[in-house]
Structures are given as C-alpha cells and as structure tokens.
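# Coordinate inspection notes
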Amino acid sequence: MHTDVHQHLWPPGFVALLRSRAAPPRLDGWTLHLPGEPPYAVDPADHDAAARTRLARADGLDRALVSLSSPLGIEYLPPAEAAPLLAAFHDGALELPAPFGVWASACLSGAEPDTAALRGALARGCVGLQLPATALLDAAGWARCAPLLDVVAEQDKPLFVHPGAAPPTDTPAPTAGTAPTPSWWPALVPYVQQLHASWFAFRAFGRPRHPELRVCFAALAGLAPLHGERLVARGGGRDRGRVDCRVFYETSSYGTRAVDALVRAVGIDVVVSGSDHPYARPVARHHSPREAPLAASLDPALPGLGSDAAVHALRHTNPARLLGPTNGARP
C-alpha cells in the first residue's frame, strides 16, 4: 500500500465558497489572498480531481490523504463562517475517487470544540483529525483541543499536525529603505516555528494527557527532535535516546540531509512519506517510476536510507502503523 499522507486538493464547492468571501481567506479568480502571506497564484490544474487522480496513479500511489489547507485559517473563523467551508471541504473530498482519503478538520473558534461534527466526519470515512499547529503551541492549546483528541483516541484514529496561518508581516508597500518580506518567508519561518513549538508542547503536555494517541507532525516537526541534546542540557529530562513509537514525522519539503538527520535521532520506523502536493513537488531521481517521488529525498549514498527497504518503510510499513487497522484503503 503506497501511501502519501500529506496532499491538498480543493473540491469545487469549497473553491466556490472561497470566491464568495469578501475578506481573507478568499479567492479572486485563482489568486489566493491570506492575511499573513503575499497573493498566491493557484494553478487550476492542482485542484482538478481528474488530473490529480491520474497523477496519483502515475506516481504509483495506492492512497493519497488530502487535508484542509490550515494556513487558510478556516478553523479559526467564526463558527457561522467556518461551518459551511468545512462542510464543503469534507463533502467534496469524501467524494473524490480512489486513491484519495481525507483528514477531518474542526472549527476551533466556538466556546467548545465541536466533537459531534468530528464524530460525523470520522463516521463518514475520514482517516483521522488534522489540527493546525497554532492550536497546539502550549498547555492551554492541548487542553482546549483535548475533547477532539479524546474522540480520535477512542476511535483509534491518528492526529495530523499541520502548519497553521502565518501572522501578518509587512504591508504591500514597505517603508522606505526596507525590503519586502520574501515569498518563502511564511513556509520557512512561522510554519517551522509552529511545528517546533507544537512538538515540544506535545511532549510536555499532550502525551501525558493522551498516552495512546498516534500523532504525525508535518515537515519533520520543524526538525524539533534534533534538539534532544539541548533539551537534556537545559533540564528537559535524561531520556533523549527514548523514541515515542506513536509519534510520526512526514517528509514534505525536506530531502537527504534533513531526513537522514531525523532518522539518526528517532529511527526510520516513525518516518512516513508525505509530499504536500501541490505545494511541494519532489523530483524523480533513480528508483523505478513507482518509487520515484519518495526516492527523490533519499540519497543512495547514505547507507541504508536510500535502499528499497527504507523506501518501503516510509511508503508502506510506517504509514500503515500510523493510520492503524481501522483505516483500510478506500475501494
């Protein structure tokens, strides 16, 4: 079962609602407007279900899990605004053909998290829950989301932690003598900071409350596990060598050096293949077409990491352990 745990695909009904909005997040034609990022020209082909299905098959995928784009900030819109967007995403994504599966999302702006809506999404076939890292940065965040996490834990489903919305930076016209914020800034600074913080917050506050929960952090958790030595030096415990076998790390946007470094820190058994397609596209290198997308991030010069066994672990064995026995492939 070749699995990509991290893709994005916007169904037509969801796109229509984004275009109907007067304030961000909104689409103007195919130009996306967000508060913390420059306008982004969306390629319509990236959200063409038929084209994406053909591409997933060409990539040799048996399962590609799509999720709401958390940087849009939809989870934090007022419930009256968030509910129709979440419904349109879930409805459209669950109607996608194989090999697509769906991560559920939840509104986080109400007085309490909507556990009933989450139960409904999981009952309809969502593989687990995605939450933005911005919701899980500290003890208060993990406590507020605990009712949602109790639902996924009792149903033996996983949690996927994805970067959330970037904070506003500068205005479109910077003051004289200053340079505008580069277009890559949100993905390299706030996104990574969010993942880094949420990983440490999970270790300190989430795991004690949810001892059996399976969690997957996007983008190698911002490389947070590489700070184990500093954690020990600053009084964070003496168990730097202990690996939490229920915490997984997906590979999107990273390549040989980062993946190798993380494997050395946590082992290969908790690393899973994710592409963040269409926002990141690995380039095929040396393996067969079926294995090429993942092999782009695995250098055969690294002992063991570029092997067929490593590719099999990241695309087959490890995703199956993350998703669990209740998340079989859709027909």
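How each quantity is defined
- Residues numbered from 1 in each chain as written.
- Predicted model: local features only at pLDDT ≥ 70, side-chain atom pairs only at ≥ 80, totals over all residues.
- Heavy atoms only, no water.
- Pairing = 2+ DSSP bridges.
- Helix = DSSP H or I, 4+ residues; strand = E, 2+ residues; numbered from the N terminus.
- Axes fitted to C-alpha atoms, helices over the stretch in contact; angles between N-to-C directions.
- Buried < 20%, exposed > 50% of the residue type's maximum accessible area, 1.4 Å probe, protein only.
- Core = buried A, V, L, I, M, F, W, Y, C linked by side-chain atoms within 4.5 Å.
- Contact = heavy atoms within 4.5 Å.
- Polar contact = N/O pair within 3.5 Å; in protein donor to acceptor, adjacent residues only side chain to side chain.
- Phe/Tyr/Trp six-rings, centres within 6.5 Å; stacked < 30°, edge-to-face > 60°.
- Lys NZ or Arg CZ within 6 Å of the ring centre and 35° of its normal.
- Salt bridge = Lys/Arg side-chain N within 4 Å of Asp/Glu carboxyl O.

## Observations regarding the sheet that holds strand β2 (residues 26-28)
- In space, the three strands of this open sheet follow the order β2-β3-β4, with antiparallel pairing throughout. Of all strands in the sheet, those with a lone pairing partner are β2 and β4 (37-41), marking the two edges. Neighbour-to-neighbour, the strand axes of this sheet turn through a mean angle of 25 degrees, independent of strand direction.
- Inspection of the sheet shows strand β3 (residues 31-34) paired to β4 by three bridges, in the antiparallel sense. Paired with L32 across the strands is Y40, a residue of β4.

## Brief notes about the sheet that holds strand β1 (residues 3-7)
- The strand order across the open sheet built from eight strands is β1-β5-β6-β7-β8-β9-β10-β11, with neighbouring strands paired in parallel fashion. The sheet is open, and its two borders are formed by β1 and β11 (271-272), each paired with just one other strand.
- Bridge count between strand β5 (residues 63-66) and strand β6 (residues 100-104): three bridges; the pairing is parallel. Among the inter-strand pairings, A64 is bridged to a residue of β6, identified as F100.

## Quick word on the pairing of strand β8 (residues 159-162)
- By the alternation rule, side chains of β8 split into L159 and V161 and F160 and H162, which are all buried.
- As paired strands, strand β7 (residues 128-132) and β8 are joined by four bridges and run parallel to one another. Bridge pairing links L129 to L159 in β8.
- In terms of strand pairing, β8 meets strand β9 (residues 215-217) through three bridges, oriented parallel.

## As for the nonpolar core
- Formed by 81 residues in total, the largest nonpolar core has its most connected members in W10, F14, L129, L131, L159 and Y249.
- Looking at this core, the element that brings in the most residues is helix α3 (residues 79-94), giving seven residues.
- Ignoring anything within four residues of it in the chain, the contact list for F14 reads L68, L72, I74, L85, A88 and F89.

## Points about the side chain of Q130
- By secondary structure assignment, the location of Q130 is in strand β7.
- Using a relative accessible area of 0% as the deciding quantity, one classes Q130 as buried.
- Side chain to side chain, Q130 and S67 meet in a polar contact 2.7 Å long.

## So, the packing of aromatic side chains
- All chains considered together, the criterion is met by eight aromatic pairs.
- Pairwise contacts between aromatic rings join W10, F14 and F89 into one cluster.
- Between R19 and the ring centre of W30, over which it is positioned, the NZ or CZ distance is 4.5 Å.

## Comments concerning the pattern of salt bridges
- Tallied over the full model, the rule gives eight salt bridges.
- Note that E154 is salt-bridged to R119, the shortest N-O span being 2.4 Å. With a gap of 35 residues between them, E154 in helix α6 (residues 146-154) and R119 in helix α4 (residues 115-123) connect regions that are remote in the sequence.
- Taking the shortest distance from any N to any O, the salt bridge between D156 and R214 comes out at 2.6 Å. On the criterion of sequence distance, the pair formed by D156 in the loop between α6 and β8 and R214 in the loop between α8 (190-209) and β9 is long-range, its members being 58 residues apart.

## Thoughts on α6
- For α6, the complete set of buried residues consists of A146, L148, L149, V151 and V152.
- Trailing α6 by a residue or two, D156 shows a phi angle of about 60 degrees, which is positive.

## Section: unusual backbone geometry
- Residue P99 is reached from A98 by a cis peptide bond, and omega for that bond is 20 degrees.
- The topology assignment puts P99 in the loop between α3 and β6.
- Residue L220 is not a glycine yet carries a positive backbone phi of 55 degrees.
- Summarising the element assignment, L220 is placed in the loop between β9 and α9 (228-233).
- Judged by relative accessible area, L220 falls into the buried class, the value being 0%.
- Phi is positive for D276, close to 60 degrees, though the residue is something other than glycine.
- Relative to the elements of secondary structure, D276 occurs in the loop between β11 and α11 (292-295).

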